[in-house]
Amino acid sequence: MDELRAGNPMVAGEVTFVPIERCFIQSYTGDMGCWLSGLKEPFAIIVCDATGIRAFDTEATEISVESLMQKIPDLGAVLAPMSH
């Protein structure tokens, strides 16, 4: 399983940050047993403030919020209260 998901929004003053996490879970089965490994890493950050809603990848390059919404089904519901 490899998926993107929205983390818990964090508020700092008048700015709300929504972390976007990449989660990866993989299992292996062999003669000696079964192994399960997982990884959770930052993928992007969404910044919501008076100027609007913007997203940035881990290299601080602006990316499309709409592209993230296509990949993360519940992101629209997370961002809806932040849209003015």
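Scroll up for the structure.
Residues numbered from 1 in each chain as written. Predicted model: local features only at pLDDT ≥ 70, side-chain atom pairs only at ≥ 80, totals over all residues. Heavy atoms only, no water.

Before we go on, may I ask you to explain the overall build of the protein chain in this structure?
Summing up its helical and strand segments, the protein chain has 2 helices and 6 strands in all. Along the chain direction, N to C, the helices and strands of the protein chain fall in the order β-β-β-β-β-β-α-α. Summarising its shape, the C-alpha atoms of the protein chain cover approximately 55 × 25 × 20 Å along the three principal directions. The burial tally for the protein chain puts 24% of its 84 residues in the buried class. Pairs at least 24 residues apart make up 34% of the contacts formed inside the protein chain by residues separated by at least 6 positions. For the protein chain, the exposed surface amounts to about 5,800 Å²; the carbon and sulfur share of it is 56%. Looking at charge distribution, the protein chain has the averaged site of its 5 positive side-chain charges lying 2 Å from that of its 12 negative ones. (Helix = DSSP H or I, 4+ residues; strand = E, 2+ residues; numbered from the N terminus. Buried < 20%, exposed > 50% of the residue type's maximum accessible area, 1.4 Å probe, protein only. Contact = heavy atoms within 4.5 Å. Areas by Shrake-Rupley, 256 points an atom, 1.4 Å probe, with all protein chains shown as cover. Lys, Arg positive; Asp, Glu negative; His and termini not counted. Charge placed at Lys NZ, Arg CZ, Asp CG, Glu CD.)

Would you take a moment to explain a nonpolar patch on the surface for this structure?
A contiguous nonpolar surface patch, about 330 Å² in accessible area, is contributed by Met-1, Ile-25 and Leu-36. Mapped onto the elements of the fold, Met-1 is located in the segment before strand S1 (2-6). Accessibility expressed as a relative area gives 52% for Met-1, which makes it exposed. (Patch = residues over 30% accessible without salt bridge, like charges linked within 9 Å, V, L, I, M, F, W, Y side chains within 5 Å. Salt bridge = Lys/Arg side-chain N within 4 Å of Asp/Glu carboxyl O.)

Explanation requested: the pattern of salt bridges in the structure shown.
Close approach of charged atoms allows side chains with opposite charge to pair. Summed over all chains, the structure comprises 5 salt bridges. The partner of Arg-5 in a salt bridge is Glu-21, and the shortest N-O contact between them spans 3.4 Å. Residue Arg-5 is found in strand S1, and its partner Glu-21 is found in strand S3 (residues 15-30); the two are separated by 16 residues along the sequence. You can call Glu-21 buried: its relative accessible area is 15%. Here Arg-22 makes a salt bridge to Glu-41, at a shortest N to O gap of 2.7 Å. With Arg-22 in strand S3 and Glu-41 in strand S4 (residues 33-49), the pair connects residues that are 19 residues apart, well separated along the chain. Bridged by salt links that share partners, the residues Asp-2, Arg-22 and Glu-41 form one connected network.

What's the story with unusual backbone geometry in this structure? I'm lost.
Trans is the prevailing form of peptide bonds, just as negative phi is the prevailing case for residues other than glycine. Even without a glycine there, the phi angle at Ala-60 is positive, about 70°. Within the secondary structure, Ala-60 sits in the loop between strand S5 (52-57) and strand S6 (62-63).

Would you mind showing me how to read the nonpolar core here?
Nonpolar side chains in soluble globular proteins generally cluster together in the buried interior. Residues Val-18, Ile-20, Ile-46, Leu-68, Leu-75 and Leu-79 are the most contacted members of the largest nonpolar core, which totals 14 residues. Of all the secondary structure elements, the ones that give two or more residues to this core are S1, S3, S4, helix H1 (65-71) and helix H2 (75-79). It is S4 that provides the largest number of residues to this core, a total of 3 residues. Discounting chain neighbours no more than four positions away, the residues touching Leu-79 are Val-18, Ile-46, Cys-48, Ile-53 and Val-65. (Core = buried A, V, L, I, M, F, W, Y, C linked by side-chain atoms within 4.5 Å.)

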